[in-house]
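Examining the three-dimensional arrangement
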Amino acid sequence: MSKKPEIIVFAGPNGSGKSTVTRLAKVIDPYINADDIKRSTHCTDLEAAKLAEHLRNQAIDHKQSFTFETVLSTDRNLLLLKRAKEQGYFIRCIYVLTCNPQINVARVRSRVLSGGHDVPSDKIISRYHKALALLPDLISVCDICHIYDNSDEPTRIFKKRKDAFFFWENDLWSEEQIHDLTHC
């Protein structure tokens, strides 16, 4: 029996620390990231996003494993993951969030000061709430899903492994809040 193709997705609101966590984690090449595409080709954000989406769809069409990063504030990449799941993919997710969107706003401001890309504060806050609202749908499509709160140090608060769910409450997240967040 051959191994299923796999997608590793790093997801979470702008400024949560996805890129930092991604650098610490094992990834599957190719790593398809719109920010990297923009940096290497000097294209616009929209052009980079379209090219990244095309490359991800192309990988699925060819049953190739890959890794990508997303804010996941719309259902576009969620639909991509559902399509991959229907085609037999194993989906692993590391979701990075904070307990408050103002933390994300401050981090993006700090990133801009050190030469990183900007996102307007109102967009960060709007995307934060939209991304968290899509989290239950993301969890349902994943075979394995880890959620880390990165308000201070990355701390795992949730894990799904097949049909088993694990919850780790802390000073920022009660078990009830994690249940509300995940719908698990």
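Residues numbered from 1 in each chain as written. Predicted model: local features only at pLDDT ≥ 70, side-chain atom pairs only at ≥ 80, totals over all residues. Heavy atoms only, no water.

Here we take up the overall build of the protein. Within the protein, the regular secondary structure consists of seven helices and seven strands. At 16 Å, the protein has a C-alpha radius of gyration in line with the 16 Å of a compact globule built from 184 residues. Across the protein, the fraction of contacts at a sequence separation of at least 24, relative to all contacts at a separation of at least 6, is 62%. For the protein, the computed accessible surface area is about 9900 Å², with 52% contributed by carbon and sulfur atoms. (Helix = DSSP H or I, 4+ residues; strand = E, 2+ residues; numbered from the N terminus. Rg over C-alpha atoms; globule rule 2.2 N^0.38 Å. Contact = heavy atoms within 4.5 Å. Areas by Shrake-Rupley, 256 points an atom, 1.4 Å probe, with all protein chains shown as cover.)

Bridge analysis of strand β5 (residues 144–149) against strand β6 (residues 155–161) gives six bridges, and the strand direction is antiparallel. Bridging across to β6, His146 finds its partner in Lys159. Sheet topology places β6 next to strand β7 (residues 164–167); four bridges connect them, and they run antiparallel. Along β7, the bridge assignment pairs Lys160 with Phe165. What sits between the antiparallel neighbours β6 and β7 is a turn of two residues, in which Lys162 has the positive phi angle 55°. (Pairing = 2+ DSSP bridges.)

Right, let's talk about the nonpolar core for a bit. Counting 40 residues, the largest nonpolar core has Tyr95, Leu97, Leu138 and Ile147 as the members making the most contacts within it. Among the elements that line this core, the one with the most residues is helix α6 (residues 121–141), at eight residues. In this structure Leu138 touches Ala11, Leu72, Leu78, Leu81, Cys93 and Tyr95, once residues within four positions along its chain are discounted. Formed by five residues, the second largest nonpolar core is a distinct cluster that contains Ile8, Val21, Ile94 and Val96. (Core = buried A, V, L, I, M, F, W, Y, C linked by side-chain atoms within 4.5 Å. Buried < 20%, exposed > 50% of the residue type's maximum accessible area, 1.4 Å probe, protein only.)

Before going further, it helps to spend a moment on the pattern of salt bridges. Tallied over the full model, the rule gives seven salt bridges. Residue Arg83 is joined to Asp61 by a salt bridge in which the shortest nitrogen-to-oxygen separation is 3.1 Å. You can see Arg83 sitting in helix α4 (residues 76–86) and its partner Asp61 sitting in helix α3 (residues 45–61), a full 22 residues away along the chain. For Arg83, a relative accessible area of 25% translates into the label partly exposed. Relative accessible area serves as the criterion here: at 51%, Asp61 is assigned to the exposed category. Residues Lys85 and Asp143 are paired through a salt bridge, measuring 2.6 Å at the closest nitrogen-oxygen approach. (Salt bridge = Lys/Arg side-chain N within 4 Å of Asp/Glu carboxyl O.)

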